[in-house]
Amino acid sequence: MKVVAKQKRSKDRISIIIKTAITIIETEGLESLTIAEISKKSGLKRTSTYKFIPTPNALKELVINECVDQCIESISKDTSLVANQDQVVGATNNIVLKMYNFFVSSLVSQRIILGNTINPPIDSDSIHKLGHLVEKEFEKYISLDSIFNKSGVCRVVAQIILSIFSLNTKESGALNEVGKIEANRAVIAYIKSWLNK
């Protein structure tokens, strides 16, 4: 379910809801994220909150979308490049490292996206946005024009990275170097299988 606000007042309320939800997730954990708790801590009336966020899943989706937008913004601003003789390996290392750095720095993203039990953990709009970002990052190094449905392949790459990061987070309690290494290996193998066709 997509939450759409057209008036400034409505957008401001949704912004308050998102900020409050992020604070609750960071300080108390995902299990404390409820609509009642949002209303209580944000100072918004419960009826106003339910107007924009009718279900707990809609609330989580709203926060997940915010986290994905922050991830995309963080990666887009990161101009560092990983030097490597193999362009596919260099491109993959660059993408995985930028996503890793974002998730390591965002506790709320680790908890709601990587620690979530829903797979895939984010809605299709978010995966499309992440896939587009992955495509742009790859094309800084290599041409993907020979790949049939390159946007679909890049969405799969985004899901591979998120899935491996998620597994690592669940097994270790936090994202660590193992997740980064395994995501690199899996994406390199997947992309090379497409480029070698």
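See above for the structure.
Values in this document were obtained by computation on a predicted structure and should not be read as measured data.

## A few points about the packing of helix α5 (residues 87-105) against helix α6 (residues 107-114)
- Contact pair α5 / α6: the axes reach a minimum separation of 5 Å and the direction vectors enclose 105°. Regarding the angle of α5 to α6, the classification is roughly perpendicular. In this structure, α5 uses Phe102, Phe103, Val104 and Ser105 to contact α6, whose residues at the interface are Leu107, Ser109, Gln110, Ile113 and Leu114.

## Here we look at the side chain of Asn94
- Locating Asn94 in the fold gives a position in helix α5.
- By relative accessible area, Asn94 is classed as buried at 1%.
- One polar contact links Asn94 to Glu137, side chain to side chain, over a distance of 3.2 Å.

## Side note on the nonpolar core
- Of all hydrophobic cores here, the largest spans 59 residues; its most connected members are Met99, Phe103, Ile113, Phe138 and Phe165.
- At the level of secondary structure, the elements contributing two or more residues to this core comprise α1 (8-28), α2 (35-42), α4 (56-77), α5, α6, α7 (124-138), α8 (150-172) and α9 (177-195).
- Broken down by element, this core gets its largest block of residues, ten residues, from α4.
- When neighbours within four sequence positions are excluded, Phe138 is seen to be in contact with Ala91, Thr92, Ile95, Leu144, Cys154, Val157, Val187 and Ile191.

## With respect to unusual backbone geometry
- The phi dihedral of Asn149 is positive, around 55°, even though this residue is not glycine.
- With respect to the helices and strands, the residue Asn149 is situated in the loop between α7 and α8.

Each value, and the rule that gives it
Residues numbered from 1 in each chain as written. Predicted model: local features only at pLDDT ≥ 70, side-chain atom pairs only at ≥ 80, totals over all residues. Heavy atoms only, no water. Axes fitted to C-alpha atoms, helices over the stretch in contact; angles between N-to-C directions. Helix = DSSP H or I, 4+ residues; strand = E, 2+ residues; numbered from the N terminus. Parallel < 35°, antiparallel > 145°, perpendicular 65-115°, else oblique. Contact = heavy atoms within 4.5 Å. Buried < 20%, exposed > 50% of the residue type's maximum accessible area, 1.4 Å probe, protein only. Polar contact = N/O pair within 3.5 Å; in protein donor to acceptor, adjacent residues only side chain to side chain. Core = buried A, V, L, I, M, F, W, Y, C linked by side-chain atoms within 4.5 Å.

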